[in-house]
Each structure stands twice: as C-alpha cells, then as structure tokens.
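Listed here are the chains, written in short residue letters.
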Amino acid sequence: MQLDDRIAIVTGGANGIGRGIAAVLAQRGAHVVIADIDGQAASEVARSVEKAGRKALVVEADVSRRTSTDAMVAATLAAFGRVDILVNNAGVGGGKEWWSRTTGNSGDWDRTYAVNVMGIVHGIESVQGHMKERRQGKIVNIASTAGRRASAWFAHYSASKASAINVSQAYALRLAPFNINVNCICPGLLWTPLWEKISERRLSTVAAAQRVSPREFFLQQVKANVPLGREQTPEDVGKLTAFLVSDAARNITGQSINLNGGSVKN
Ligand SMILES: NC(=O)c1ccc[n+]([C@@H]2O[C@H](COP(=O)([O-])OP(=O)(O)OC[C@H]3O[C@@H](n4cnc5c(N)ncnc54)[C@H](O)[C@@H]3O)[C@@H](O)[C@H]2O)c1
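Residues numbered from 1 in each chain as written. Predicted model: local features only at pLDDT ≥ 70, side-chain atom pairs only at ≥ 80, totals over all residues. Heavy atoms only, no water.

Caption draft 1: Representation of the overall build of the protein chain. Helices and strands together make up the secondary structure of the protein chain, namely eight helices and seven strands. Against the globule reference of 18 Å for 266 residues, the protein chain gives a C-alpha radius of gyration of 18 Å, in line with a compact fold. Along the longest, intermediate and shortest principal axes, the C-alpha atoms of the protein chain span 60 × 40 × 35 Å. When each of the 266 residues of the protein chain is scored for burial, the buried share is 52%. Considering only contacts in the protein chain between residues 6 or more positions apart, those separated by 24 or more positions represent 71%. Here the protein chain has roughly 11,700 Å² of accessible surface; of this, 50% comes from carbon and sulfur atoms. (Helix = DSSP H or I, 4+ residues; strand = E, 2+ residues; numbered from the N terminus. Rg over C-alpha atoms; globule rule 2.2 N^0.38 Å. Buried < 20%, exposed > 50% of the residue type's maximum accessible area, 1.4 Å probe, protein only. Contact = heavy atoms within 4.5 Å. Areas by Shrake-Rupley, 256 points an atom, 1.4 Å probe, with all protein chains shown as cover.)

Caption draft 2: Here's a closer look at the site of the ligand. Around the ligand, a shell composed of 30 residues is seen, among which Asn 15, Ile 17, Asp 36, Tyr 157 and Thr 192 lie nearest. Measuring from a nitrogen atom of the ligand, one finds a backbone N or O atom of Ala 61 at 3.4 Å. Between Lys 161 and the ligand, the recorded distance is 2.9 Å, taken from a side-chain N or O atom to an oxygen atom. Across the complex, the protein chains shield 95% of the 830 Å² of accessible surface that the ligand would expose by itself. Mapped onto the shell around the ligand, the elements with two or more residues apiece are helix H1 (16–27), helix H4 (106–134), helix H5 (155–175) and helix H6 (193–203). With three residues, H6 is the single largest residue contributor to the shell around the ligand. Residue classes in the shell around the ligand are distributed as 17 nonpolar, eight polar and five charged. (Near = heavy atom within 4 Å. Polar contact = N/O pair within 3.5 Å; in protein donor to acceptor, adjacent residues only side chain to side chain. Nonpolar A, V, L, I, M, F, W, Y, C, P; charged D, E, K, R; others polar.)

Caption draft 3: Structural view of the pairing of strand E1 (residues 7–11). Of all five residues in E1, five are buried; the element is thus mostly enclosed. Every second residue of E1 is oriented toward a common face, with Ile 7, Ile 9 and Thr 11 on one face and Ala 8 and Val 10 on the other, all of them buried. Direction of pairing for E1 relative to strand E2 (residues 31–36): parallel, over a ladder of five bridges. Within E2, the residue paired with Val 10 across the bridge is Ile 34. Since E1 and E2 lie parallel, the crossover through H1 that links them has a hand, and here it is right-handed. Relative to strand E4 (residues 85–88), E1 runs parallel, the two sharing three bridges. Within E4, the position partnered with Ala 8 by the bridge is Ile 85. (Pairing = 2+ DSSP bridges. Right-handed = clockwise from strand over helix to strand, strands pointing away.)

Caption draft 4: Local environment of the packing of H4 against H5. Taken N-terminus to C-terminus, the directions of H4 and H5 make an angle of 15°; their axes are 8 Å apart at the nearest point. Considering their axes alone, H4 and H5 lie roughly parallel with respect to each other. H5 is crossed by H4, and the crossing has right-handed handedness. Across the interface between the two elements, Asp 108, Trp 109, Thr 112, Tyr 113, Asn 116, Val 117, Ile 120, Val 121, Ile 124, Glu 125, Gln 128 and Lys 132 from H4 touch Ala 155, His 156, Tyr 157, Ala 159, Ser 160, Lys 161, Ser 163, Ala 164, Val 167, Tyr 171, Arg 174 and Leu 175 from H5. Here the residues of the contact of H4 with H5 are counted per class, giving 13 nonpolar, six polar and five charged. (Axes fitted to C-alpha atoms, helices over the stretch in contact; angles between N-to-C directions. Parallel < 35°, antiparallel > 145°, perpendicular 65-115°, else oblique. Left-handed = near helix turned anticlockwise from the far one by under 90°.)

Caption draft 5: Region of interest: unusual backbone geometry. With phi around 60°, Asp 5 is a residue other than glycine that occupies positive phi space. As for its placement among the helices and strands, Asp 5 is situated in the segment before E1.

Caption draft 6: Structural view of the packing of aromatic side chains. For the structure shown, the criterion picks out eight aromatic pairs. For the pair Trp 195 and Phe 217, a centre-to-centre distance of 6.4 Å together with 35° between the ring planes defines the contact as tilted. Of this pair, Trp 195 sits in helix H6 while Phe 217 sits in helix H7 (residues 214–225), and the two are 22 residues apart along the sequence. With a relative accessible area of 8%, Phe 217 lands in the buried category. When the centroid spacing of 5.1 Å and the interplanar angle of 65° are considered together, the rings of Trp 195 and Phe 218 count as edge-to-face. Pair noted here: Trp 195 is in helix H6 and Phe 218 is in helix H7, with a separation of 23 residues, a long-range link. Under the relative-accessibility criterion, Phe 218 is labelled buried at 0%. Ring pairs connect the aromatic residues Trp 98, Trp 99, Trp 153, Phe 154 and Tyr 157, which therefore count as one cluster. Above the plane of the ring of Tyr 171 lies Arg 174, whose end atom (NZ or CZ) is 4.8 Å from the centre. Over the face of the ring belonging to Trp 99 we find Lys 197, whose NZ or CZ atom lies 5.0 Å from the ring centre. (Phe/Tyr/Trp six-rings, centres within 6.5 Å; stacked < 30°, edge-to-face > 60°. Lys NZ or Arg CZ within 6 Å of the ring centre and 35° of its normal.)

Caption draft 7: Structural detail: helix H8 (residues 234–244). Within H8 the residues assigned to the buried category are Pro 234, Val 237, Gly 238, Leu 240, Thr 241, Ala 242 and Leu 244. Its buried side turned inward, H8 meets H1, E4, strand E5 (137–142), strand E6 (180–187) and strand E7 (256–259).

Any functional reading would require information that these geometric values do not contain.
Below you can see the structure in the form of structure tokens.
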C-alpha cells in the first residue's frame, strides 16, 4: 500500500490518533501537512515525518472556522502544489473543561458540533474545488464507535459522531461524479489524551475507595467491552487510513468502517 509522494493533510495531527495517521502515511511515502490548533506538538510530529525521509508542513488551523481551513488548503497548495489526501481527524469531547461536567452543557453541544461535524464540512468544502478540478482525491473522516451507539452522559459527543458518519455519506454521494472517494473510520477505544480525560471524568463519579488510575480504568473498559480483548492504537487507524486512500480502495466510497476489536457490529 505505497503512497509515494502523495500530499496528505491530517487535521488534529499533533496528538493521539492524528499522530499515528501522520506516521503511517509518512512511512508509506506521503508528505504530510499537520494541521492543528496545537502548533508546538504539530512541530514535533513534523520532525518525525522528516526523520522518516518525507516532507512536512505545520499549519496552525482551527477546523471550526472555514477561513482557517481555507488557509490550511492554500498553505498546502503554496508549499506542494496539490492536495491528494485530506484526513479530517480533529475532534473534541466538548467545550472548555468538558471532563469536569457530569453531562454536557450547551457549550459542549456547540463545540462538539463546531469541531466534530463542521470541522469535517469545512475541510471538505475548502479542498473540494481543487480535487474536483483534478478529478481525483481521497478523503477520510474520523468518527467513532460512539456514533453507532447512544451514550447517556456523552450524548453530545455521540450525536456529533453519528452526524459525522452521515455527513461522510452525503459528501461521498456528492463527490463521486468527480472521482473523489469519501470514507469514514469509527475507532473504538484508544489511549490518547482524549481518553485520558474521559477516564478522569468517569472516575470522578466513582467512590474514592474504588478509584483506580485513569489508565487502569481505561483497560477495564477494554476488558469489559472489546471481544478481541485488546485496545486499538493510533497506528491501527493509520493503517486503515493508508488503505482507504490507496489505489487498492478505488471502488470503496461512502463507507463507515468500525475499528473496534468487535465491540459494536452495526
Ligand atoms: N481516543 C479514542 O478512543 C477515540 C475513539 C473514537 C474516535 N476518536 C476520534 O479520533 C479523533 C482523534 O482523537 P484523539 O483521541 O487522538 O484526540 P486527542 O485529543 O488526543 O487529539 C485531538 C487533536 O485534535 C486537535 N484539535 C482539537 N480541536 C481542534 C480544532 N478546532 N482544529 C484543529 N485541531 C484541533 C487537538 O489539538 C489534538 O491535537 C477525534 O475525532 C476523536 O473524536 C477517538
């Protein structure tokens, strides 16, 4: 699954899953644009992409703003002359300090929709003109197993991810006549800064005597919910992304693929 000299933008590429996606795409030969609000962490990822022998570009971008995704695509075109791949991975669990609340407030609903849904819409809207002109392009959106199954306390997040799945299907239909593939990945349980905060949030409601470390709590969830019995990793998501953006997947579009060790099957 080689991606030699393809130009890939990874939003939210500075941490967690995005970092894994950037690393695998670079290993397969792609040059990677790391677009994130966290410019410092993005620079670290850029250095590791360069160590792998590929070119890297850091773009400080906030995908909740269309002007910012427009600037992200413009910076990529200025540096590399084209965009072959867009991975809309940036995502949040809610508004400021969402992990300190028992259930989401209106700010959490607003922020998850602004980043997890509109971030995808903005990314695609910014790049689609260029991809349509070239009549080629690969887009992968990162949703979640949470988008397949409602959650009592994390409703705003689950609903935003269900929406991300639907938005992916809509754009797959809209862009298919231009030979642009749009697919979606629904990861399960991955130990990233995001899940660290989920653990902290869930542990805050557990009696002190039963409290374990955030990592231990996460592993308990894996044991209880994952038939294969192991956590998923950012590298797993990177490998599936690399497949979906490769020529081997040229006839796959509009799909939402679970990567969750068997925890949710629909
Ligand atoms: N960790 C999991 O178990 C898991 C499971 C399913 C889906 N996901 C999804 O995978 C994606 C990555 O999650 P993660 O666990 O790596 O999270 P993370 O919090 O570790 O990393 C998210 C990255 O997105 C960036 N980001 C946040 N808001 C942004 C914005 N407005 N514009 C640009 N960048 C922004 C952050 O700076 C960070 O680098 C998210 O969409 C998340 O919802 C995660």
